[in-house]
Amino acid sequence: YQGSVKTRKRRRDPVVIYMHGNSSSRTEVIPQLGHLLSLGVSVVAFDFAGSGKSEGEFVSLGFYEREDLQTVIHHLRATGDVSTIALWGRSMGAATAIMYGSRDPTISCMIVDSSFVDLTRLAEEMVEKGKEQGVNVPNFVVSVALRMIKSSIKSQAGFSIRHISPISHVNRCFVPAMFVAGEHDDFINKRHSERLHAKYAGDKNIVIIDGDHNSPRPRFLLQSACLFLQSCMQLPPSLELVVPLGTNLLAPPWICPGTFSRLGLAEAIAKARAGVSSSSDERSWVPLNDTAQQKQQQQLQRQRSQPPPASRKVSIGDNPQPGLSLEKGNHRSRSCTDSSSNEVPSSPTAAELLAASAPPDMTERQKEIQSSLFKMLGQHE
């Protein structure tokens, strides 16, 4: 996601790279996308190997993912269109950011959301949680199972799980970092983020929010993250986009322009476009070159200004008049039996927009991961 071509020809853009968690994909960036683009930065989101649409047979929870990240960063820098680079990772993506940040001090800053301190420690905590829930596993069985898992991963994937340890990298990482953790996270406890924050070598801050591992992050956190990025990446205020009043930055940006008019924000859009067109140095949140959309709106206004046609009987042999074409999107089609019908399709509500942009629910996936670990240890739920 970038600014306009005209803008990119004039200067190099700062970039924020978003990294998703385990069993997720690049679409996880959507709830944060509006706030990031409003800063005037470009956003890069990609699928790690073995996730989303990327090829690969397995994920390594950060060990090989940092090589994926390095490839993306080298590609961006080779284009010559990038100035500064910041990282934003969640869960597995956060662990990847820490393990990569210790080797690349040129990163401007990073946001680390719900990282674990050590994969072995995380597995032990999951076993302990199972014991609290009534699944009793002897300690010697746990030790044997972990040795078997380590040996299997070493032979099949070529690395040891003891090397997936962000806590061993924080004392060599000097990139400014903002740690985030959920108060009620029962998958990766907030103590992980607190330990990482305590031992981190660079400038640091930690924010504990309400919610669990997969809860949507509140608006105040996204705004705080934007201020953090502005400060560390040294983003000038002139880089910010012109955002119409009332814009829901939690919704996907490509939904907003098509729904503004139906939500009564057409006047705000017109004023924003007029302000941008008067100054060529500013960039706009909404598209400026939309002559096709303007022609369609003018045609709609002319049709509404004309008197309604006289009612007539429709026979079986008559061909019904075609209705107005629907905009592209997830709108339901409506059947029309008479061209004189004045029904207007309902516009999507704010709740529907938030539901469309909400991150996927990973609660069931967490239960599957925990269940599979118990089965490895010879126990069932």
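Residues numbered from 1 in each chain as written. Predicted model: local features only at pLDDT ≥ 70, side-chain atom pairs only at ≥ 80, totals over all residues. Heavy atoms only, no water.

### Overview of the overall build of the protein chain
Point 1. When you go through the protein chain residue by residue, the secondary structure sums to 13 helices and 6 strands.
Point 2. The 381 residues of the protein chain split such that 44% are buried.
Point 3. Within the protein chain, contacts between residues at least 6 apart in sequence are counted, and of these 76% link residues at least 24 apart.
Point 4. A total accessible area of about 21,200 Å² is found for the protein chain, and carbon and sulfur atoms account for 51% of it. (Helix = DSSP H or I, 4+ residues; strand = E, 2+ residues; numbered from the N terminus. Buried < 20%, exposed > 50% of the residue type's maximum accessible area, 1.4 Å probe, protein only. Contact = heavy atoms within 4.5 Å. Areas by Shrake-Rupley, 256 points an atom, 1.4 Å probe, with all protein chains shown as cover.)

### Section: unusual backbone geometry
Point 1. The backbone phi angle of L61 is positive, close to 60°, even though this residue is not glycine.
Point 2. Examined against the element boundaries, L61 turns out to sit in the loop between β2 (42-45) and α3 (65-79).
Point 3. One non-glycine residue, Q234, lies in the positive phi region at around 55°.
Point 4. Its place among the elements puts Q234 in the loop between α8 (219-233) and α9 (256-260).
Point 5. Look at Q234 and you get exposed, because its relative accessible area is 68%.

### A look at a nonpolar patch on the surface
Point 1. On the surface, F140, V144 and M148 cluster together into a nonpolar patch covering about 330 Å² of accessible area.
Point 2. Of note, M148 is situated in helix α6 (residues 139-157). (Patch = residues over 30% accessible without salt bridge, like charges linked within 9 Å, V, L, I, M, F, W, Y side chains within 5 Å. Salt bridge = Lys/Arg side-chain N within 4 Å of Asp/Glu carboxyl O.)

### A short note on the pairing of strand β3 (residues 82-90)
Point 1. Most of β3 sits out of view: 7 of its 9 residues are buried.
Point 2. Pairing of strand β1 (residues 13-19) with β3, which is carried by 6 bridges, proceeds in the parallel orientation. Paired with I17 across the two strands is L87, which belongs to β3.
Point 3. Two strands pair when backbone bridges link them, and β3 and strand β4 (residues 109-113) are joined in this way by 5 bridges, in the parallel orientation. When the sheet's bridge partners are listed, W88 is paired in β4 with I111.
Point 4. Note that the unit made of β3, helix α4 (residues 92-101) and β4 has a crossover that is right-handed. (Pairing = 2+ DSSP bridges. Right-handed = clockwise from strand over helix to strand, strands pointing away.)

### Remarks on the sheet that holds β2
Sheet strands pair via backbone hydrogen bonds, and the direction of the pair is either parallel or antiparallel.
Point 1. If you trace the 6 strands from one edge of the open sheet to the other, you get β2-β1-β3-β4-β5-β6, paired in parallel fashion. Both edges of this open sheet fall to β2 and β6 (204-209), since each of them pairs with a single strand only. In this sheet, adjacent strand axes meet at a mean angle of 20° when their direction is disregarded.
Point 2. In the packing of α4 onto the sheet, contacts are made with β1, β3, β4 and β5 (177-182), and the angle to β3 comes to roughly 130°.
Point 3. This element, α8, spans β1, β3, β4, β5 and β6 of the sheet and lies at about 155° to β4. (Axes fitted to C-alpha atoms, helices over the stretch in contact; angles between N-to-C directions.)

### Notes on the side chain of S165
Point 1. Here S165 shows up in the loop between α6 and β5.
Point 2. A distance of 2.9 Å separates a polar atom in the side chain of S165 from a polar atom in the side chain of D118.
Point 3. What S165 contacts, discounting residues up to four positions off in sequence, is M99, V117 and D118. (Polar contact = N/O pair within 3.5 Å; in protein donor to acceptor, adjacent residues only side chain to side chain.)

### A short note on the confidence of the model for the protein chain
Point 1. On average, residues of the protein chain score 77 in pLDDT, and 64% of them reach the 70 mark or higher.
Point 2. Throughout residues 258-265 the model reports pLDDT below 50, and contacts reaching past four residues in sequence, or to other chains, amount to 17 contacts.
Point 3. This model gives residues 286-290 a pLDDT under 50, and the stretch forms 9 contacts once residues within four places in sequence are excluded. (pLDDT = per-residue confidence, 0-100.)

### Some points on the packing of helix α5 (residues 119-132) against α6
Point 1. With their axes 12 Å apart at the nearest point, α5 and α6 run at an angle of 145° to one another. Judged by the twist between their axes, the crossing of α5 over α6 is right-handed. Contacts from T120, A123, E124, V127 and K131 of α5 reach α6 at N139, V142, L146 and K150.
Point 2. When grouped by side-chain class, the residues that make up the contact of α5 with α6 number 4 nonpolar, 2 polar and 3 charged. (Left-handed = near helix turned anticlockwise from the far one by under 90°. Nonpolar A, V, L, I, M, F, W, Y, C, P; charged D, E, K, R; others polar.)

### Looking at the packing of aromatic side chains
Point 1. Counted according to the given criterion, the structure contains 6 aromatic pairs.
Point 2. Look at Y18 and W88: their rings are 6.3 Å apart centre to centre, the planes differ by 50°, and that puts the pair in the tilted class. On the criterion of sequence distance, the pair formed by Y18 in strand β1 and W88 in strand β3 is long-range, its members being 70 residues apart. For the pair Y18 and W88, one class covers both residues: buried.
Point 3. Centre to centre, the rings of F179 and Y200 are 5.4 Å apart; their planes meet at 80°, and the pair counts as edge-to-face. Placement of F179 in strand β5 and of Y200 in the loop between α7 (190-199) and β6 is noted, with a sequence separation of 21 residues between them.
Point 4. For Y200, a relative accessible area of 4% corresponds to the buried category.
Point 5. Pairwise contacts between aromatic rings join F63, Y64 and F159 into one cluster.
Point 6. The residue whose ring lies beneath R66 is F63, and the NZ or CZ to ring-centre distance is 5.0 Å. (Phe/Tyr/Trp six-rings, centres within 6.5 Å; stacked < 30°, edge-to-face > 60°. Lys NZ or Arg CZ within 6 Å of the ring centre and 35° of its normal.)

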